[in-house]
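Summary of structural features
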Amino acid sequence: ATKDVVMNGLPDDLKAEIIDSDDIITIRVEGFAAQMNLMQVSDVMLGIDWEAYRLANEMERMEEGRYRVPAQITVPEGVTKVATEITVLVELSEK
């Protein structure tokens with residue numbers, strides 16, 4: 001769900017809604033069995049860096065509209081994610 005995604009650098013006057021997700025994202029991780037057995041879904045964080053996206057696309061500021069953006073995945077220490085690239089379609093609108 002959109003509320004579970006960390007939105008870094010999103011302007012205060014905009015809100016974001018993920019519009020093409022089935023709320024299921026599959027990632028592959030590796031690690032020692034002991035570490036993997038302790039890992040829970042809530043230990044995995046998904047985030048979007050709007051400032052990095054804006055700069056990479058040479059935009060002056062983020063505006064309303066739909067954007068396909070890369071999402072960063074953070075996993076617990078001792079666990080490694082295996083080359084998982086995720087993009088999500090997000091709609092930005094005024095608050």
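Residues numbered from 1 in each chain as written. Predicted model: local features only at pLDDT ≥ 70, side-chain atom pairs only at ≥ 80, totals over all residues. Heavy atoms only, no water.

Within the element layout of this structure, V82 appears in the loop between β6 (79–81) and β7 (86–94). Each C-alpha atom of the pair V82 and E30 lies 7.0 Å from the other, and the pair is 52 residues apart in sequence. (Helix = DSSP H or I, 4+ residues; strand = E, 2+ residues; numbered from the N terminus.)

Strand order in the open sheet made by the 5 strands is β1-β4-β5-β7-β2, with mixed pairing throughout. Each having just a single partner strand, β1 (5–8) and β2 (14–18) make up the two edges of the open sheet. Adjacent strand axes in the sheet meet at a mean angle of 40 degrees, parallel and antiparallel pairs treated alike. Of the pairings in the sheet, the one linking strand β4 (residues 45–49) to strand β5 (residues 65–74) comprises 3 bridges and is antiparallel in character. Its bridge partner lying in β5, L46 is registered against I73. (Pairing = 2+ DSSP bridges. Axes fitted to C-alpha atoms, helices over the stretch in contact; angles between N-to-C directions.)

So, about the pattern of salt bridges. Enumeration according to the criterion identifies 3 salt bridges in this entry. Among the ionic pairs, E51 bridges to R54, the shortest N-O distance being 2.6 Å. One end of the pair, E51, and the other, R54, are both in helix α2 (residues 50–56), 3 residues apart, so they sit about a helical turn from each other. What makes R54 buried here is its relative accessible area of 15%. For the salt bridge of E91 with R66, the shortest nitrogen-to-oxygen distance reads 3.7 Å. (Salt bridge = Lys/Arg side-chain N within 4 Å of Asp/Glu carboxyl O. Buried < 20%, exposed > 50% of the residue type's maximum accessible area, 1.4 Å probe, protein only.)

A few words now on unusual backbone geometry. Non-glycine residue E58 carries a positive phi angle of around 50 degrees. With respect to the element layout, E58 can be found in the loop between α2 and β5. Judged by relative accessible area, which is 75%, E58 ranks as exposed.

Our next topic: the packing of aromatic side chains. Enumeration over the complete set of coordinates arrives at 3 aromatic pairs. Ring geometry for W50 versus Y53: centroids 6.1 Å apart, planes at 75 degrees, classification edge-to-face. In this pair, W50 and Y53 are both assigned in helix α2, 3 residues apart and thus about one turn of the helix distant. With respect to class, W50 is no different from Y53; both count as buried. Through successive ring pairs, a cluster of aromatic residues spans W50, Y53 and Y67. (Phe/Tyr/Trp six-rings, centres within 6.5 Å; stacked < 30°, edge-to-face > 60°.)

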